[in-house]
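Tertiary structure, described
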Amino acid sequence: MTEKIFRIIVADDHSVVTEGIRVILKSDIRFKICGIFANADSVLKFLEQEEIDIIVLDIDMPGANKFSLLKAIKENYPLVKVVIFTMHEGMNYFFDARKMEPIRMRSNQNP
């Protein structure tokens, strides 16, 4: 019985963050990193062409304001799971994000 390989993209405009996430995910054979993106437009263009299981998403990146990218992903790709990884710590961000049902929200201020 083969274990499912999860196809993942990372969407964050900070290369130090994306490199750290890439290193962690690459060490687990259950994950295949299919792309790293620094702006909202490139994420949406990629999703038009490829099927992805999980997105590790920063909610504040070029081409997206607050939750616009998360909203577009959930509306157009409802089966894609989203893990929010952000520098924002405020509870308002957490509650606003929860309304759009990501699978996890994590502040990179206190990993």
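A few points on the structure. These figures come from a predicted structure and were not determined experimentally.

Right, let's get into the overall build of the protein. Check the secondary structure of the protein and you find 4 helices and 5 strands. Reading the secondary structure of the protein in the N-to-C direction produces β-α-β-α-β-α-β-α-β. Across the 111 residues of the protein, 37% fall into the buried class. Considering only contacts within the protein whose residues lie at least 6 apart along the sequence, 63% involve residues at least 24 apart. If you sum the accessible surface of the protein, you get close to 7,000 Å²; carbon and sulfur atoms cover 54% of it.

Another aspect to go through is the packing of aromatic side chains. In total, this model carries 2 aromatic pairs according to the counting rule given. Both rings, one in Phe6 and one in Phe31, keep their centres 6.2 Å apart while their planes meet at 45°; by these two values the pair is tilted. Note that Phe6 is positioned in strand S1 (residues 6-11) and Phe31 in strand S2 (residues 31-37), a separation of 25 residues in sequence.

Within the secondary structure layout, Asp28 lies in the loop between helix H1 (15-26) and S2. Within the structure, Asp28 has its side chain in polar contact with the side chain of Arg30 (distance 2.4 Å).

Our focus in this paragraph is the pattern of salt bridges. Considering all chains together, one arrives at 4 salt bridges under this definition. A salt bridge links Glu19 to Arg22; the nearest nitrogen and oxygen atoms lie 2.6 Å apart. In this pair, Glu19 and Arg22 are both assigned in helix H1, 3 residues apart and thus about one turn of the helix distant. Accessibility expressed as a relative area gives 37% for Glu19, which makes it partly exposed.

Among the structural elements, Thr18 can be located in helix H1. Beyond its immediate chain neighbours, meaning those up to four positions away, Thr18 contacts Val10, Asp12 and Ile36.

Moving on to helix H2 (residues 40-49). Think of an α-helix as turning once every 3.6 residues; residues three or four places apart then point the same way. For H2, the full list of buried residues reads Ala40, Val43, Phe46 and Leu47. In a view along the axis of H2, the buried residues occupy a sector of 130°, so they form one face of it. Exposed positions of H2 whose direction lies more than 90 degrees from the buried face are Lys45, Glu48 and Gln49. Contact partners of the buried residues in H2: S1, S2, strand S3 (54-57) and helix H3 (68-76). Between the side-chain oxygen at the start of H2 and the backbone nitrogen of Asp41 there is a gap of 3.2 Å, and the oxygen is on Asn39.

Our focus in this paragraph is the packing of H2 against H3. H3 packs onto H2 with a crossing angle of 10° between their chain directions and a minimal axis gap of 11 Å. With respect to their mutual orientation, H2 and H3 come out roughly parallel. Seen from H2, the contacting residues are Ala40, Val43, Leu44 and Leu47; seen from H3, they are Leu69, Ala72 and Ile73. Broken down by class, the residue content of the contact of H2 with H3 amounts to 7 nonpolar, no polar and no charged.

Thresholds, definitions, all that
- Residues numbered from 1 in each chain as written.
- Predicted model: local features only at pLDDT ≥ 70, side-chain atom pairs only at ≥ 80, totals over all residues.
- Heavy atoms only, no water.
- Helix = DSSP H or I, 4+ residues; strand = E, 2+ residues; numbered from the N terminus.
- Buried < 20%, exposed > 50% of the residue type's maximum accessible area, 1.4 Å probe, protein only.
- Contact = heavy atoms within 4.5 Å.
- Areas by Shrake-Rupley, 256 points an atom, 1.4 Å probe, with all protein chains shown as cover.
- Phe/Tyr/Trp six-rings, centres within 6.5 Å; stacked < 30°, edge-to-face > 60°.
- Polar contact = N/O pair within 3.5 Å; in protein donor to acceptor, adjacent residues only side chain to side chain.
- Salt bridge = Lys/Arg side-chain N within 4 Å of Asp/Glu carboxyl O.
- Arc of directions from axis to C-beta.
- Axes fitted to C-alpha atoms, helices over the stretch in contact; angles between N-to-C directions.
- Parallel < 35°, antiparallel > 145°, perpendicular 65-115°, else oblique.
- Nonpolar A, V, L, I, M, F, W, Y, C, P; charged D, E, K, R; others polar.

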